[in-house]
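A closer look at the structure
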Amino acid sequence: MTLKEADIPFALGGSYACWARGGPEPVHDVDFMLREEDVARAVSVLAAAGLRSVDPPEDWLTKVFDGEVLVDLIHHPVGRAVTGEMLERSSEMSVDSVRMPVLDATDWFEMTLLALEERYCDLARVLPMIRAMREQVDWDQVRRATAASPFAEAALLVATRLSLIPPGDGLASTPPGRNGANRKAGRIAATGTGVSPHSPAPTSPPGTAEPAIVAGRADTAADGGVPGADSRPEERVATAGRSVAGQPSAGAPGSGSGSAGSGAGASQAARRAVDPAEADEYLAGDLHELLAEDPRVAELGLEVAVREGYVLVEGEVATDARRRAVAQVIAEAAPGHPVRNDVTITGRTTADGPANVETIQ
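In this report, the structure presented in the accompanying data block is examined. (Residues numbered from 1 in each chain as written. Predicted model: local features only at pLDDT ≥ 70, side-chain atom pairs only at ≥ 80, totals over all residues. Heavy atoms only, no water.)

1. So, the overall build of the protein chain
When helices and strands are tallied, the protein chain shows 12 helices and 12 strands. The proportion of buried residues among the 361 residues of the protein chain is 51%. Looking at the protein chain as shown, the accessible area adds up to about 16300 Å², and 51% of this sits on carbon and sulfur atoms. (Helix = DSSP H or I, 4+ residues; strand = E, 2+ residues; numbered from the N terminus. Buried < 20%, exposed > 50% of the residue type's maximum accessible area, 1.4 Å probe, protein only. Areas by Shrake-Rupley, 256 points an atom, 1.4 Å probe, with all protein chains shown as cover.)

Rendered as structure tokens:
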């Protein structure tokens, strides 16, 4: 018997909901959100299906085990009750070939930011989640729901200053003087010390022998970084999903497919911020920073190399639209420079070869 077959409303939550929506690989146990009045029946149904129930000391969840896989049945996350309206806002998605409702992205971020506190305020994990799911979230609603938390306020402020999310009322997207300071920092990074030791050497354009000059990664850990202890999280959520959620169906993990915004303002800002005639090492640093600041891309972890006017960009982004925006932003900032866009989409491999080299007019 499963929750679906028993007609018990639920939604996938926790780090697996973020992963299903295009976020980083999860490292925690599988979480399902249920109304408190449905928990006892859910435990009974799952026990009848062969899962082992555990009565934990916490009063806001209960636990069941599917073999060695721990599943949390949560009814009061961060002190807030799971309601029928919350579950109705969830989206039916394919999570590792299992169809199940996944918690709404706005509700998910409200809970995630309210969970930040003195003992746990790891923005290095929160920022890549914001970057991956930003197009799916009502950020004004998140700000209202988390207004009482200084930790949530800090996370949203950092995300706003990095142009990952739109500013709230009365908050400028970029503080005065930030462009100049960051351009200088980008130039320092481009001189060589910022090159990631784990990244392959960039491919030089045809006919050149010397290695390209690279602007290093600004934030390896915050860009999704090294996965946690789980090396195969999809196996765990698939096992728990089939046992708890029910019906399997074909498909890959769901992911956010919204595109980053664009507009004349971003285009003009790009042209003002970068001098395409400056030295290669400075241009690499400026383009590296521009890709982090332009709201169409807003990626901190991309690597930019420039040599004799040739621009190489490597790294990962969450959506195909954001990948295409990389070339667009460079086109506006450095017209006339050939570009090789070797950026890949998270979870997929992009192997365009020579066809991926674009000449920017």
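2. Focus: the pairing of strand 10 (residues 310-317)
Burial of strand 10 is extensive: 7 of the 8 residues sit out of reach of the surface. Of the strand pairs in this sheet, strand 9 (residues 303-307) and strand 10 are connected by 5 bridges, and their pairing is antiparallel. Looking at the pairing, Val306 lines up with Val311 of strand 10. From the end of strand 9 to the start of strand 10, which pair antiparallel, there are 2 residues, and Glu308 there has a positive phi angle of about 50°. Inspection of the sheet shows strand 10 paired to strand 11 (residues 338-345) by 7 bridges, in the parallel sense. Counted as the bridge partner of Val311 is Val339 from strand 11. Handedness of the crossover is the feature at issue here: the chain leaves strand 10, passes through helix 12 (residues 320-333), returns alongside strand 11, and the resulting connection is right-handed. (Pairing = 2+ DSSP bridges. Right-handed = clockwise from strand over helix to strand, strands pointing away.)

3. Notes on the nonpolar core
The biggest cluster of nonpolar side chains holds 61 residues, and the ones touching the most others in it are Phe32, Phe109 and Ile130. Counting residues in each nonpolar core, the second largest holds 20 residues, with Leu283, Val306, Ile330 and Val339 among its members. (Core = buried A, V, L, I, M, F, W, Y, C linked by side-chain atoms within 4.5 Å.)

4. Some points on unusual backbone geometry
Phi is positive for Val78, close to 45°, though the residue is something other than glycine. Secondary-structure assignment places Val78 in the loop between strand 5 (69-74) and helix 3 (84-88). In this structure, Asp96 takes a positive phi of about 50° despite not being glycine. Counting through the fold element by element, Asp96 comes out in the loop between strand 6 (91-95) and strand 7 (98-102).

5. Observations regarding the environment of Leu34
With respect to the secondary-structure elements, Leu34 resides in the loop between strand 2 (30-33) and helix 2 (36-48). Assessed through its relative accessible area of 0%, Leu34 is described here as buried. It is 9.3 Å that separates the C-alpha atoms of Leu34 and Leu61, two residues lying 27 residues apart in sequence. Beyond its immediate sequence surroundings of up to four residues, Leu34 is in contact with Ile8, Pro9, Phe10, Val39, Ala42, Leu73, Ile74, His75 and Val82. (Contact = heavy atoms within 4.5 Å.)

6. A short note on the pairing of strand 6
Successive residues of a regular strand alternate their side chains across the two faces of the sheet. Across 5 bridges, strand 6 lies against strand 7 in antiparallel orientation. Counterpart to Met93 in the pairing with strand 7 is Met100. Hairpin geometry of strand 6 and strand 7 is characterised by an intervening segment of 2 residues between the two adjacent antiparallel strands and by a positive phi of about 50° at Asp96.

7. Section: the layout of surface pockets
Roughly 850 Å³ of internal volume is contained in the second largest pocket. What lines the second largest pocket is a set of 29 residues, among which Asp31, Val78, Met111, Thr112 and Ala115 lie closest to the centre. When contributions to the lining of the second largest pocket are tallied by element, the ones reaching two or more residues are helix 1 (14-20), strand 2, strand 4 (61-66), strand 5, helix 4 (105-114) and helix 5 (123-133). The biggest single contributor to the lining of the second largest pocket is helix 4, with 4 residues. (1 Å grid on protein atoms, 1.4 Å probe; cavity = no way out; pocket = protein on both sides within 12 Å on 5 of 7 lines; lining within 4 Å. Points joined across faces, edges and corners; volume = space filled by probe spheres on them.)

8. Points about helix 11 (residues 280-293)
Structurally, the α-helix is built with 3.6 residues per turn, so residues lying three or four positions apart point the same way. The end-to-end C-alpha separation of helix 11 is 20 Å, in line with the 20 Å expected for 14 residues at 1.5 Å each. Counted residue by residue, helix 11 has 11 buried out of 14 residues, so it is predominantly covered. Turning to helix 11, its buried residues number three or more, namely Leu283, Ala284, Gly285, Asp286, Leu287, His288, Glu289, Leu290, Leu291, Ala292 and Glu293. (Expected span 1.5 Å × (residues − 1).)

9. Some thoughts on helix 7 (residues 150-161)
In a regular helix each residue adds 1.5 Å, so 12 residues correspond to 16 Å; helix 7 covers 16 Å between its end C-alpha atoms and thus fits that length. Listing the buried residues of helix 7 in full gives Ala152, Ala155, Leu156, Ala159 and Thr160. Each buried residue of helix 7 sits inside an arc of 135° when the element is viewed along its axis, so together they form one side. Exposed residues lying more than 90 degrees from the buried face of helix 7 are Pro150 and Glu153. Each element contacted by the buried residues of helix 7 is listed here: helix 4, helix 5 and helix 6 (139-145). Positive backbone phi, approximately 60°, marks Ser163, located one or two places after helix 7. (Arc of directions from axis to C-beta.)

10. Focus on the packing of helix 4 against helix 5
Two packed helices can be described by the angle between their axes and the distance between those axes. One can describe the packing of helix 4 onto helix 5 by two numbers: an axis separation of 12 Å at closest approach and a directional angle of 170°. Comparing their axes, helix 5 and helix 4 come out roughly antiparallel. As for the relative orientation of helix 4 and helix 5, their crossing is left-handed in sense. Listed contacts from helix 5 to Ala105, Trp108, Phe109 and Leu113 of helix 4 are Val126, Met129, Ile130 and Met133. Across the contact of helix 4 with helix 5, the residue classes break down as 8 nonpolar, no polar and no charged. (Axes fitted to C-alpha atoms, helices over the stretch in contact; angles between N-to-C directions. Parallel < 35°, antiparallel > 145°, perpendicular 65-115°, else oblique. Left-handed = near helix turned anticlockwise from the far one by under 90°. Nonpolar A, V, L, I, M, F, W, Y, C, P; charged D, E, K, R; others polar.)

Distances and angles like these do not, on their own, reveal function.
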